[in-house]
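Results of the structural survey
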Amino acid sequence: MEAYSDFAEVYDLFMEDVPYDEWTDFIITKLSEYGVKDGLVLDLGCGTGEITMRLSDKGFDMIGVDLSPDMLNIANSKKGERDILYLNQDMCSFELYGTVKAVVCICDSVNYVTEPEDLLECFRLVNNYLDPDGIFIFDFNTDYKYAEVIGDCTIAENRDEASFIWENTYYPEEHINEYEITVFKKQGELYSKFSETHYQRGYTVEEMKGLIEKAGMIFLDCIDADDDEPGQRFRIIAREKGKNGE
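Starting from 1, residues in each chain are numbered consecutively following that chain's sequence as written. A pLDDT threshold of at least 70 governs which residues receive local features in this predicted model, and a stricter bar of 80 or more applies before side-chain atom pairs are shown or counted, although totals over entire chains, interfaces and linings include all residues. Hydrogens and waters are ignored; side-chain quantities use all the structure's heavy atoms.

**Some points on the overall build of the protein**
For clarity, the threshold we go by: Per the convention used, a helix needs a DSSP run of H or I reaching at least four residues, while a strand needs a run of E reaching at least two, with both numbered from the N terminus. The size measure is the radius of gyration over C-alpha atoms, and the globule rule it meets is 2.2 Å times the number of residues to the 0.38 power. Think of it in three bands: with a 1.4 Å probe and only protein chains considered, a residue is buried below 20% of the maximum accessible area for its type, exposed above 50%, and partly exposed in between. In this analysis, two residues are considered to be in contact whenever any of their non-hydrogen atoms come within 4.5 Å of each other. Each accessible area is a Shrake-Rupley result for a 1.4 Å probe, and residues are judged covered by the shown protein chains and nothing else. Counted as positive: Lys and Arg. Counted as negative: Asp and Glu, with His and the chain ends omitted from the count. Charge coordinates come from a single atom per side chain, which is NZ of Lys, CZ of Arg, CG of Asp or CD of Glu.
Along its length, the protein carries seven helices and 11 strands. Rg of the C-alpha trace for the protein: 18 Å, near the compact-globule value of 18 Å for 246 residues, within the 12% margin. Along the first, second and third principal axes, the C-alpha set of the protein runs to 60 × 45 × 30 Å. In the protein, buried positions account for 49% of the 246 residues. If you take every contact in the protein between residues at least 6 apart in sequence, the share linking residues at least 24 apart comes to 63%. With an accessible surface of roughly 11,600 Å², the protein has 44% of that area assigned to carbon and sulfur atoms. Computed over 22 positive and 53 negative side-chain charges, the separation of the two mean positions in the protein equals 5 Å.

Structural data, given as structure tokens:
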């Protein structure tokens, strides 16, 4: 997986329209439905900590894991007095000190795992570190979204503080979408330029269900994340299995 480095500086700027509050409400509602109303929760692929902080504010004890030290530096700078533990680890090989009541992973973080066997290992670790009957909630972009919606298109956005050009190239045989992101960040009267390349893999619901079950978890639910653009992003809910001798 590619770690955000220079792009971390402008990540929050370009993600300011992400409905983090709605995501948080969804997570809390679903966790409560499955009996998780407090306790220790892991935010896997936490980025700059927007969801981590919101869940902390709702009373959960939070751990955030991310591969990018630059993203975690920003997360730490924003957490204030919140008691959040951030760990710089790969989501496919993370280690915790003990189990947690729930794991959440949003903003298509799992799509950065481009090999199914690596994602399977990630899910096995999630199952391993969940309390008995603990809950796993994550979202992912589908292969359809990369192939038919954003693949091979260019997106550009201009802001006062920075601008970016986001070029997508989709490789159908590998189900991989390549992002070439070029950012122009204002510094005084001039702009600095930097580029990063990221790769995400599209998955189907059937693939995710198979990986979840192969990892030992129970597949509970699949919810389309956007009624206006169906089929592009799904939310998956799964449950730990095995620690109660099932």
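**Re the packing of helix α2 (residues 20-33) against helix α3 (residues 50-57)**
Operational definition: Axis definition: a line fit to C-alpha positions, over the contact stretch in the case of helices; interaxial angles, taken between N-to-C directions, run 0 to 180 degrees. The scheme is simple: roughly parallel for angles under 35 degrees, roughly antiparallel for over 145, roughly perpendicular for 65 to 115, oblique for anything else. Left-handed describes a crossing whose near helix is turned anticlockwise from the far helix through less than a right angle; right-handed describes the clockwise counterpart. Under the scheme applied here, ten amino acids are nonpolar (Ala, Val, Leu, Ile, Met, Phe, Trp, Tyr, Cys and Pro), four are charged (Asp, Glu, Lys and Arg), and all others, including Gly, are polar.
Contact geometry of α2 with α3 gives a least axis separation of 10 Å together with a crossing angle of 55°. Accordingly, the angle class assigned to the pair α2 and α3 is oblique. Considering the relative orientation of α2 and α3, their crossing is right-handed. In this structure, α2 uses Y20, D21, W23, T24, I27 and I28 to contact α3, whose residues at the interface are E50, I51, R54 and L55. In terms of residue class, the contact of α2 with α3 is made up of six nonpolar, one polar and three charged.

**Comments concerning the nonpolar core**
How we decide: By nonpolar core is meant a set of buried Ala, Val, Leu, Ile, Met, Phe, Trp, Tyr and Cys residues that side-chain atoms within 4.5 Å join together.
Membership of the largest hydrophobic core comes to 41 residues, with the highest contact counts inside it found for F7, F14, I27, L31 and V183. Excluding residues within four positions of it along the chain, F7 makes contact with F14, I181, V183, F194 and E196. Ranked by size, the runner-up nonpolar core spans 36 residues in total, among them L42, F138, V205 and A215.

**Let's talk about helix α7 (residues 205-214)**
Three- or four-residue spacings in an α-helix give side chains the same orientation, since the helix completes a turn every 3.6 residues. Basically, it comes down to this: The arc in question is the one traced by the directions running from the helix axis out to the C-beta atoms.
Of the positions making up α7, those classed as buried are V205, M208, L211 and I212. On an axial view of α7, the arc spanned by its buried residues comes to 130°, and they lie on one face. Residues of α7 that are exposed and angled more than 90 degrees away from the buried face: E206 and K214. Buried residues belonging to α7 abut α5 (116-129), β5 (130-141), β10 (218-224) and β11 (233-239). Just downstream of α7 lies G216, where phi reads positive at about 105°.

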